Amino acid sequence: MHGDETISRQVLVYLVDYLLTMYGEDQRVTELVNTTDIYIMPSMNPDGFERSVEGDCEGSAGGRQNARNIDLNRSFPDQFGETEATKEDAPEVWAVIQWILAKRFVLSANLHGGTVVASYPFDDSATHQMQGAYSRSDDDNLFRYLARVYAKNHPVMRTGHPNCPDSPDETFKEGITNGARWYDVSGGMQDYNYLHGNCLEVTMELSCCKYPPASQLKNEWDMNRESLIAYMEKVHIGVRGYVTEANNGAALPDVSIVVAGINHNLTTGRYGEYYRLLVPGQYNISAIAPGYTSQTVHNVLVTEGKATELNLTVKPTASEPVSDMPVTTKVATSAWSTAQTATLTPNPTPSTENKAPTSSGNHSDSPPPHAGPEVTAPLLPQDFRHHNYADMELFLRRHSIEFPAIAHLSSIGKSVQGRELYVMVISDNPTVHEHGEPEFKYVGNMHGNEVVGRELLLNLIEYLCHNYGNDPEVTQLVNSTRIHIMPSMNPDGYEVAKEGDEKGYRGRNNSNNYDLNRNFPDQFVNITEPRQPETVAMMNWLKSIPFVLSANLHGGSLVVNYPYDDDKEGASEYSKCPDDEVFHQVSKAYSQENPLMHKGHLCENLHPVEYFGEGITNGANWYNVPGGMQDWNYLNTNCFEVTIELGCVKFPWEKDLPKYWEQNQRAMLQFIHQVHRGVKGTVSDIRDGSGIPDATISVVGIDHNVTTAQTGDYWRLLVPGTFSLIASARGYEPMKIYATIPKDRVEVVDFKLTRVGSEGQAPADLPATQDLSVEEFQNFIRYLSQGEGLEELVRSTATENSYRYRNDKEIAESLRGLTLNFPKITSLRSLGQSVEFRTIRALEISNKPEEAEPSEPKIRFVAGIHGNAPVGTELLLEFATFLCMNYGKNPTITTLINSTRIVILPLINPDGRKLANEKQCSSMRGMTNAHGKDLDTDFFGQLYGTLQPETRAVMKLILERGQTLSVSLDGGSLLATYPYDKPVQTVEKEGTLKYLANVYARNHPKMHLGDPGCPNNGQDGVLRAAERQSHMGSMKDFSVDFGHCPEITVYTGCCMFPPAEHLSTLWAENKKALLSMLVEAHKGVRGIVRDKSGKPIVGAMIVMNGGVQVYTAEGGFFHALLAPGSHDIEAVADGYQQQRQKVVVSSHEAATVVSIEFDMDNSIFGLPREFVVAAAAASMTALVVTACIIWCVCSAKSNQQKDGFHRLRQHRDDYEDEIRLTSMGSKKALLGNEFQDESESDEETLYANKL
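The structure reproduced in this document is the subject of the present report. Here the residue numbering is sequential within each chain, running from 1 through the sequence in written order. Where totals are concerned, whole chains, interfaces and linings use all residues; where local detail is concerned, this predicted model gives features only for residues with pLDDT of at least 70, and gives and counts side-chain atom pairs only at 80 or more. Note that the side-chain values use all heavy atoms of the structure and ignore hydrogens as well as water.

**What about the sheet that holds strand β41 (residues 1117-1120)?**
Then, number 1: Pairing is mixed across the open sheet formed by three strands, whose spatial order is β41-β38-β44. Whereas interior strands pair on both sides, the edge strands pair on one side only; in this sheet they are β41 and β44 (1152-1158). Along the sheet, successive strands turn relative to each other by an average axial angle of 20°, direction set aside.
Then, number 2: Pairing between two strands requires that DSSP report at least two bridges joining them. Strands here are runs of E lasting at least two residues and helices are runs of H or I lasting at least four, both read from the DSSP assignment and numbered beginning at the N terminus. Pairing between strand β38 (residues 1085-1091) and β44: seven bridges, direction parallel. Directly across from D1091, in β44, lies its bridge partner F1158. The axes are straight lines fitted to the C-alpha atoms, using for helices just the contacting stretch, and the angles between their N-to-C directions are given from 0 to 180°.

Here it is in structure tokens:
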């Protein structure tokens, strides 16, 4: 808290390490961590620390105050007078206050330095007498007890004689003191905690020397360790429990817990929980809340070291007196207690006790209602009224809390005005996709003034939750289906709509005044309106879950409307989709269960000419709707969606809502049943049974395919009949099966596919990944490439962090900090310096960073080539921290680091970064380096002049052998681009490069949808770089052409330099995509090249599909990324016969492994080597003899005539090859300006000569 009192900072760092290290090893530590939420803040004043000086015991060097020269322990609100510090002057205080109020801590210690004593409240008095005025709190006995716990376990503090040089005569009885009695401190933190935060805090002074030398730190830790642990254990003394409402068992927050005789109350938390620290004794304890009768329990026994549990129940004041309600107390079972139970009232009634939260605090695992042997009539909804947003939110939260076993509430995004787009999932396992279980959805209120669907879906939630376990139909649907219900897609529009609106438009559109059902990409019409937040959220959601069937609920008519909604001509005529029969079937399943809809002619007063046969219609045949959601579902996902118009009036009066439920209840349930029609099954690998994601299921005669989900399961809606089904996947032989679809159930058809080409078995001497066999590693990559593998990794490594932009010095400190904290897996090196002599650094992360491991893929992450786009720099710094922090903790991250060499270059252009300004989305300031050069146009700079120093540094890194993949982060758009930036007609390896860009975009929640607010978004968030902005000399082109390493550029957002508060969102958006690149680096094809004797061949050229080239590294290893599919590989080495193989690469499998063995090339020009050598020797002999004769004759004629020999070249091709290898064969030549062909332009020479 005081920046120069650093002993406390380091002791807490040691405490963190001790708790983590001893957890699971030491029973006491393990019990403490298991039963306590422990928050440790090593430094409340980091700015002051930076100004402090080691060895300064008195604090004379400065650093006590914050950067605004404010003493933080004089700046909290004070009970005896106002403090002067403002939020601007003391932001640290404001932040801690918010933290205290939010977390509702129970016990706290504030660690300082300068003497050795435990100081307890109050810290000041009303008189503000400087010394000697004991200022007693209402919990004085408790504070003295807590302070003594710390002091008696500290070998110096317990003596009461600190013997500090500046005050050798100062003593503290028992090593503790009342704060104000020692000296008066206004605005202290410990008093604020007690008076405003439910928290008891004591201030501990740990050492006479405020900033002792590092050599003394271990001794200080040893003296404080036991005190810290013993003090934390006291958080479990006193009384704890819950306060609930008598009638329904609901938890009650903000109830006052009153202890008779102690004039200091605390309040219950969000779940009705409270923790009241007390010294041993007997107490009368009450729960008091406005609107409720108070509940008092007498003679509650609190024992030493044992937490007594006291659950209290109160009734609303309008209800019966609460005196008959049961109250039980028991001592919680823990390391410090044994179980006891006592009944405090003679007439307990069990109605509330079962509903009260348990002492463990786990409120979410209540079982589903028990299904009794008798089947009773289902319970009908009772809540028929219009729900505004706040009301709807409470309804959804209440049902999610009351039925946690089957109901899970989440939000898929926010509306324009920031309202959550809530989705309630109802299933027996609502939080995950279960293999083989179909996903179904209802969406309501897309048009804000069409409200019947919104209310019906709330009724449906109520109906399903209350009847699960009692009604067989509901139970069967919930157990076999994952049902997603979105009551309102347009909550903003609803808030401005008016009850009684029959056919108006007020509230129809979102708050940007766009019709959401005209805002989706369309197959026939280019939708030019900007994509709305609600639309983007929906598209993202629909892409993330393998929905099978859906209904979009509207109002204003009475009909089921099915695809297509428009046609090429824009005319109102039948627009038939390939699954027209299926849509007929599911549409009639709904309309025929609605007693009015199937008649087809209901809205005579509003639409007298409308008639719909059987209550259904083709969308375009009714009227054209370009940009509709139902067509987008069908064309872009596996989901079949219809639009259901539920009534003639858009916003009916509340009194009419029950009749809408009566008319639609059976229809809504029957429509859910339709998801269990057609065919379903699993597509798996016949070799190991693993599911194959993204396999295609085709039905002969129907031009519409579906794809398998991440674990290989699929669902395909079909009408009854016999069909020919084909399953196909990249790298597998397709398989055809005939299936007969029954009328009233689903047919199960599984496919087991056989791989084509290579089986992918590793040669015996190809190294396996550390701790994993080749087969285990293949399973590991498969797991991360399909199912929930990557998603689960992201969830399991979620961390809270504060994000900010760092300057060059702070970046250097962050990188150096990683090497100091994780020396076994990190290595930091300097690549060079910028124009203004700032160092360009690269961090390598690997399990053996100092050793060459050519068999492992090497991936490069680069950012900051443009100084005005610093988001990428911060993302890579966070990525590096994330990897290091999880190494050894998370097994997936550990395996990835053990098997990959990761190079992170966070900032190429530090000079430009220094000039750029935050919150400048389009400013070019800082884009170039200090010479005004755009570095992304300088990677062939030797043709035009001197290379920029930043470019030269990065080129050296790129030209290092063995790099598999590179990812560069930039800003100003939201897409991933692939080579080339230069204007070339064809891209030799476009399939692979585009595939890699697609992998990143697909794993980004927004990129694959495109952002209409950004320029040049491309299709699915991917674009060839030259189509975005064509230019020469780019880094990615250089990487591909001369580094033989594919590189993609990721543009992280439309704004070049967004506000720092956006960084956390940007990290969350890019985390999975960055991890996907680590996984992708292990795919493609890898292998080893050697000769017949087993000797590895270094420098052999591996040519893929006649074009892409990589070269074998040390040990003969090579690795090349390739798009999924079948590929031809050719290996070429001087003096050996060429070798060819065919390999199959899969999108969800580890690299296909090949072993290439060379034979010596024993033929020359197609003739036996021995014959050619003999003939050549005879020819040379004859030639030499003839030459000698000629020389003798000529010399006889003239002694002045001279002749000589020129080296004979048998083949022009050999000559040209030599020239090419001479000019481009080494990176030294490349960097040494050896591109000299004056017959062509500089650029033509470069591209003509490249390998």
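Now, onward.
**Examining the nonpolar core**
Considering soluble globular proteins, one finds that nonpolar side chains tend to be buried as a cluster.
Then, number 1: Core analysis: the biggest nonpolar cluster contains 80 residues, and Y442, Y590 and F751 have the highest contact counts within it.
Then, number 2: With nine residues, the single largest contributor to this core is helix α10 (residues 452-467).
Then, number 3: Ignoring anything within four residues of it in the chain, the contact list for Y590 reads Y442, V560, M597, I644, L646, N664, A667, M668 and F671.
Then, number 4: Residues enter a nonpolar core if they are buried and are Ala, Val, Leu, Ile, Met, Phe, Trp, Tyr or Cys, with the set joined through side-chain atoms within 4.5 Å. We call a residue buried when its accessible area falls under 20% of the maximum for its residue type, exposed when it is over 50%, and partly exposed in between, using a 1.4 Å probe and counting protein chains only. Counting 70 residues, the second-largest nonpolar core is a separate cluster that includes L875, V967, Y978 and L1075. Contacts are assigned to residue pairs that have any heavy atoms within 4.5 Å of one another.

**Comments concerning the state of the cysteines**
Then, number 1: Here, a disulfide means two cysteine sulfur atoms that sit within 2.5 Å of each other. Applying the stated criterion across every chain yields a total of three disulfides.
Then, number 2: Note that C57 is cross-linked by a disulfide to C209, the S-S spacing being 2.0 Å. Judged by the sign of its S-S torsion, about -85°, the cystine formed by C57 and C209 is left-handed. Taken together, the positions of C57 in the loop between α3 (46-51) and α4 (91-103) and C209 in the loop between β4 (200-206) and α8 (217-233) put the pair 152 residues apart, joining distant regions of the chain.

**Some details on the pairing of β41**
Then, number 1: Of the two faces of β41, both are covered, the one formed by F1117 and H1119 as well as the one formed by F1118 and A1120.
Then, number 2: Relative to β41, β38 runs antiparallel, the two sharing four bridges. Across the sheet, residue V1085 finds its bridge partner in β41, namely A1120.

**Let's talk about the packing of aromatic side chains**
Then, number 1: Planes of paired rings set the category: under 30 degrees apart is stacked, over 60 is edge-to-face and the rest tilted, where pairs are Phe, Tyr or Trp rings (Trp by its six-membered ring) whose centres lie within 6.5 Å. Taken as a whole, this structure holds 42 aromatic pairs when the rule is applied.
Then, number 2: Here the aromatic rings of F143 and Y194 are separated by 5.1 Å at their centres, their planes lie at 70°, and the arrangement is edge-to-face. You can see F143 sitting in helix α5 (residues 140-152) and its partner Y194 sitting in helix α7 (residues 189-196), a full 51 residues away along the chain. In terms of burial, F143 and Y194 fall into one category: buried.
Then, number 3: Summarising the aromatic geometry, the rings of F940 and F1042 are spaced 5.7 Å apart at their centres and angled 75° between planes, so their arrangement reads as edge-to-face. You can see F940 sitting in the loop between α23 (910-915) and α24 (949-958) and its partner F1042 sitting in the loop between α27 (1035-1041) and β37 (1047-1053), a full 102 residues away along the chain. In terms of burial, F940 and F1042 fall into one category: buried.
Then, number 4: Chaining the aromatic ring pairs together yields one cluster made of F524, Y564, F583, Y634 and F640.
Then, number 5: Counting as a charge over the ring demands two things of the Lys NZ or Arg CZ atom: a distance within 6 Å of the ring centre and an angle within 35 degrees of the ring normal. Here R1028 stacks its cationic end above the ring of Y1051, 4.0 Å away from the centre of that ring.

**Side note on the side chain of H866**
Then, number 1: In this fold, H866 is placed in the loop between β32 (858-863) and α21 (871-886).
Then, number 2: Residue classification places H866 among the buried positions, given a relative accessible area of 10%.
Then, number 3: When near neighbours in sequence (up to four residues on either side) are disregarded, H866 contacts N909, G926, M927, D934, D936 and D970.

**Re the sheet that holds strand β26 (residues 721-728)**
Hydrogen bonds between backbone atoms are what pair the strands of a sheet, whose relative direction is either parallel or antiparallel.
Then, number 1: Taken in spatial order, the four strands make up an open sheet running β24-β23-β26-β27, and their pairing is antiparallel. Pairing within the sheet leaves two strands with one partner each, and these edge strands are β24 (702-707) and β27 (735-741). When the angles between neighbouring strand axes are averaged without regard to direction, this sheet yields 30°.
Then, number 2: Bridge count for strand β23 (residues 696-699) against β26 is four bridges, and the pairing is antiparallel. Note on β26: the bridge partner recorded for T696 is S728.

**Let's talk about the pattern of salt bridges**
Then, number 1: Here a salt bridge means any side-chain nitrogen of Lys or Arg lying within 4 Å of a carboxyl oxygen belonging to Asp or Glu. Following the criterion strictly, the structure yields 49 salt bridges and no others.
Then, number 2: The residue R838 makes a salt bridge to D911 at a minimum N-O spacing of 2.8 Å. Residue R838 is found in the loop between β30 (826-833) and β31 (839-845), and its partner D911 is found in helix α23; the two are separated by 73 residues along the sequence.
Then, number 3: By relative accessible area, R838 is classed as buried at 17%.
Then, number 4: The shortest N-O distance in the salt bridge between E853 and R901 comes to 3.1 Å. One end of the pair, E853, is in the loop between β31 and β32; the other, R901, is in strand β33 (residues 901-905), and 48 residues separate them in sequence. Like E853, the residue R901 is buried in the burial classification.
Then, number 5: Residues joined in a network through salt bridges with shared partners are E5, R64, D71, R74 and K210.

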